[in-house]
2 protein chains.
Amino acid sequence: MPEATKPRRLTPKGQATKNRIIEAATALIAQRGVAGTGIEDVRAAAGVSGSQLYHYFASKQALIRAVITRQADSALDPGLPRITALDSFEALRAWADAAIERQRENGCRGGCDLGTLAGELSGTDEESRTDLANGFLRWKDLILNGLRAMRERDELRADADLDELAFALLSAHQGGTLLSQTVLDVQPLEASMNATLAYIRSFATDQRQPVR
Amino acid sequence: MPEATKPRRLTPKGQATKNRIIEAATALIAQRGVAGTGIEDVRAAAGVSGSQLYHYFASKQALIRAVITRQADSALDPGLPRITALDSFEALRAWADAAIERQRENGCRGGCDLGTLAGELSGTDEESRTDLANGFLRWKDLILNGLRAMRERDELRADADLDELAFALLSAHQGGTLLSQTVLDVQPLEASMNATLAYIRSFATDQRQPVR
DNA sequence: CACTTTCTGGGTTGTTCTGTCCAGAAAACG
DNA sequence: CGTTTTCTGGACAGAACAACCCAGAAAGTG
């Protein structure tokens, strides 16, 4: 193993090219899946040429992992409007609505969610699985922190199992998205988000709020 | 197109071989994913040889579709103990527990759920996506019928949105399984199933039952 | 303005995998 | 018991694709 291509700092131009490659790869993977996306396709789409991919990435796997990391970093995918805090019922609802709306907009055609990637890679490639798992756990913590804040503000009852709620919400999001992409209808995603949010709200101290 | 390999009825032996191939493919795909499973691997695992696969299946895609159909038919995968009716809180809980237990048993390593297949194929292959969608919708109907029976027996309140509950439960199952397989821990699956079942139970007419 | 590092372009190789062909064995059928 | 369909086996062609190499341009550094 040749020391994994020493990642000496890139010049600005190089950094830009590298980003362009990752973006192109992300877009293609969103449409055609990981297995359906060839290095050559990425190369053409990014407008770079030849061995550039291998200049910046040691292998296809490395590129995929970069895509995963990027997606995991764009916190809680539904939206470039970066979620900073999911610490109120309104924020949760807004996040859910954004996810639903986003799905509706691209006709339920698969985005490049961690979920989609997980389905394809978890069983195949151990390193990617680890990256994906870390991404998911970070998202879960994001939700969890929001819920904790709500409990500290006494908006949520003390007996609520916040870990369970956080995982349930994340699962609902992933599962709903997966089903929607398969059935080509937002209904499953709407249903799972509505149900899980309603369940979370059932732990509210103030029950006067409409469940919607 | 040569009329899609006229499916003149198979002899018993041929049928057995065909099944063996599908089983081998299912097992391999469960471990290594669709893209990671070559025709040659299936051939070897099934103990048949040469062009047999193409005698029984027109293409790799056709084989995959056969696997999908098979999985969709083994109703609500958690278990060979075929679910006949999910028409009581106990039955739902038992089904959920079976799913969780099953996941725990294979160390959360991906089975060959429709969900896993959907993640890999929905975006890539339109025909497979249709098969998968049909499978999911049949499962949803299975759940829905159970819930309807419960409502008719007045175990569920009339104002419960059964479609929403059915989709939510299915999404929770798929999402929870996906997360569990990625994180290699049953916690997400347990959380999402618990939460969704509790939510369904909140529509029970008889609230004396423990939520567990 | 020399000199070094970083970036670009295209061509190429070797492997892996799907899908095909042909000839021989086994079973079904009269 | 002979003939026809059905099944089996291995070998092979053709394409796709990941990965590597080399030479030249551009950018950065003294």
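Residues numbered from 1 in each chain as written. Chains lettered and ligands numbered in written order. Predicted model: local features only at pLDDT ≥ 70, side-chain atom pairs only at ≥ 80, totals over all residues. Heavy atoms only, no water.

- If you check an unreviewed UniProt entry, chain A appears there as TetR family transcriptional regulator from Nonomuraea fuscirosea.

**Notes on the protein's contact with DNA strand C**
1) Next: Taken together, 20 residues lie near DNA strand C, and S49, G50 and Y56 of chain A together with S51 and K60 of chain B sit nearest.
2) Next: Across the atoms of DNA strand C situated within 4 Å of the protein, the share located in sugar and phosphate is 60%.
3) Next: At a separation of 3.3 Å, a phosphate oxygen of DNA strand C approaches a polar side-chain atom of T17 of chain A.
4) Next: Breaking the surface near DNA strand C down by element, the ones donating at least two residues are α1 (12-32) and α3 (52-56) of chain A.
5) Next: For the surface near DNA strand C, the per-class residue count stands at four nonpolar, twelve polar and four charged. (Near = heavy atom within 4 Å. Polar contact = N/O pair within 3.5 Å; in protein donor to acceptor, adjacent residues only side chain to side chain. Helix = DSSP H or I, 4+ residues; strand = E, 2+ residues; numbered from the N terminus. Nonpolar A, V, L, I, M, F, W, Y, C, P; charged D, E, K, R; others polar.)

**A closer look at the confidence of the model for chain A**
In low-pLDDT segments, the atomic positions of the prediction should not be examined closely.
1) Next: Looking at chain A as a whole, its pLDDT mean stands at 88, while 89% of the residues score no less than 70.
2) Next: Contacts of residues 1-7 of chain A to residues separated by more than four positions or lying in other chains number two contacts, the stretch itself having pLDDT below 50. (pLDDT = per-residue confidence, 0-100. Contact = heavy atoms within 4.5 Å.)

**Side note on the protein's contact with DNA strand D**
1) Next: Taken together, 19 residues are adjacent to DNA strand D, and S51 of chain A together with S49, G50, S51 and Y56 of chain B come closest.
2) Next: Within 4 Å of the protein, the atoms of DNA strand D are drawn from sugar and phosphate moieties in a proportion of 62%.
3) Next: Interatomic distance of 3.1 Å between a side-chain N/O atom of Y54 of chain A and a phosphate oxygen of DNA strand D.
4) Next: One of the side-chain nitrogen or oxygen atoms of Y56 of chain B is found 2.8 Å away from a phosphate oxygen of DNA strand D.
5) Next: At the level of secondary structure, the elements contributing two or more residues to the surface near DNA strand D comprise α1 (12-32) and α3 (52-56) of chain B.
6) Next: Classifying every residue of the surface near DNA strand D gives four nonpolar, twelve polar and three charged.

**A short note on the interface of chain B and chain A**
1) Next: Facing 41 residues of chain B, the contacting portion of chain A comprises 41 residues.
2) Next: Surface buried jointly by chain B and chain A totals about 3300 Å² across both partners, of which 68% is contributed by carbon and sulfur atoms.
3) Next: Between chain B and chain A we count two salt bridges in total.
4) Next: Of the charged contacts in the structure, one is a salt bridge between R109 of chain A and E126 of chain B, with a shortest N-O distance of 3.4 Å.
5) Next: Here chain B is connected to chain A by six residue pairs in polar contact (both at pLDDT 80 or more).
6) Next: Contributing elements (two or more residues each) for the side of chain B that touches chain A: α1, α6 (114-121), α7 (126-152), α8 (162-183) and α9 (187-201) of chain B.
7) Next: It is α8 of chain B that contributes the most residues to the side of chain B that touches chain A, 14 residues altogether.
8) Next: A class-by-class count of the residues in the side of chain B that touches chain A yields 18 nonpolar, 16 polar and seven charged. (Buried area = accessible area lost by both parts, 1.4 Å probe. Salt bridge = Lys/Arg side-chain N within 4 Å of Asp/Glu carboxyl O.)

**Quick notes on the nonpolar core**
1) Next: Among the nonpolar cores identified, the biggest contains 113 residues, and I21 and L147 of chain A together with I21 and L147 of chain B are the most heavily contacted of them.
2) Next: Ignoring anything within four residues of it in the chain, the contact list for I21 of chain A reads V42, A46, V48, L53, Y56, F57 and L63 of chain A. (Core = buried A, V, L, I, M, F, W, Y, C linked by side-chain atoms within 4.5 Å. Buried < 20%, exposed > 50% of the residue type's maximum accessible area, 1.4 Å probe, protein only.)

**Some remarks on the UniProt feature "DNA-binding region" (unreviewed entry) in chain A**
1) Next: With numbering aligned to this structure, UniProt lists the feature "DNA-binding region" (unreviewed entry) at residues 38-57 of chain A.
2) Next: Counting secondary structure, residues 38-57 of chain A comes out at 65% helix and 0% strand; the distance between its end C-alpha atoms is 14 Å. (UniProt positions renumbered as here; feature names shortened; annotations may be inferred.)

**Comments concerning the packing of helix α4 (residues 60-73) of chain A against helix α6 (residues 114-121) of chain A**
All names here are of chain A.
1) Next: Viewed as axis vectors pointing N to C, α4 and α6 meet at an angle of 145 degrees, and their least axial separation amounts to 10 Å. For the pair α4 and α6, the sense of crossing is left-handed. From α4, I64, I68, Q71 and A72 reach across to α6, where they touch L114, L117 and L121.
2) Next: Among the residues making up the contact of α4 with α6, the classes are represented as six nonpolar, one polar and no charged. (Axes fitted to C-alpha atoms, helices over the stretch in contact; angles between N-to-C directions. Left-handed = near helix turned anticlockwise from the far one by under 90°.)

**Some words on the pattern of salt bridges**
1) Next: Within this structure, the stated rule accounts for 30 salt bridges over all chains.
2) Next: The closest approach of N and O atoms between D97 of chain B and R93 of chain B, which form a salt bridge, is 3.1 Å. With D97 of chain B and R93 of chain B both in helix α5 (residues 89-105) and four residues apart, this pair spans about one turn of that helix.
3) Next: On the basis of relative accessible area, R93 of chain B is assigned to the buried category, the value being 13%.
4) Next: If you follow the salt bridges from partner to partner, you end up with R65, E127 and D131 of chain A in one network.

**Quick word on the relation of the copies chain B and chain A**
1) Next: By a simple turn and slide, chain B fits onto chain A: the slide is 0.0 Å along the axis, the RMSD is 0.0 Å, and the turn is 180 degrees. The superposition operator between the copies reduces to a two-fold rotation axis. By C-alpha distance to the rotation axis, the residue of chain B lying nearest is G175 of chain B, at 1.7 Å. (Least-squares fit on C-alpha atoms with pLDDT ≥ 70 in both.)

**Focus: helix α5 (residues 89-105) of chain A**
Residue and element names in this part refer to chain A.
1) Next: With 17 residues, α5 extends 24 Å between its outermost C-alpha atoms, agreeing within 8% with the 24 Å of an ideal straight helix rising 1.5 Å per residue.
2) Next: Among the residues of α5, F89, L92, R93, W95, A96, A99, I100 and Q103 are the ones counted as buried. For α5, the arc enclosing every buried residue in end-on projection is 160 degrees, short of the 170-degree limit, so these residues lie on one face.
3) Next: For α5, the elements touching its buried residues are α7 (126-152), α8 (162-183) and α9 (187-201).
4) Next: One or two residues past the end of α5 sits G107, with phi positive at roughly 55 degrees. (Expected span 1.5 Å × (residues − 1). Arc of directions from axis to C-beta.)

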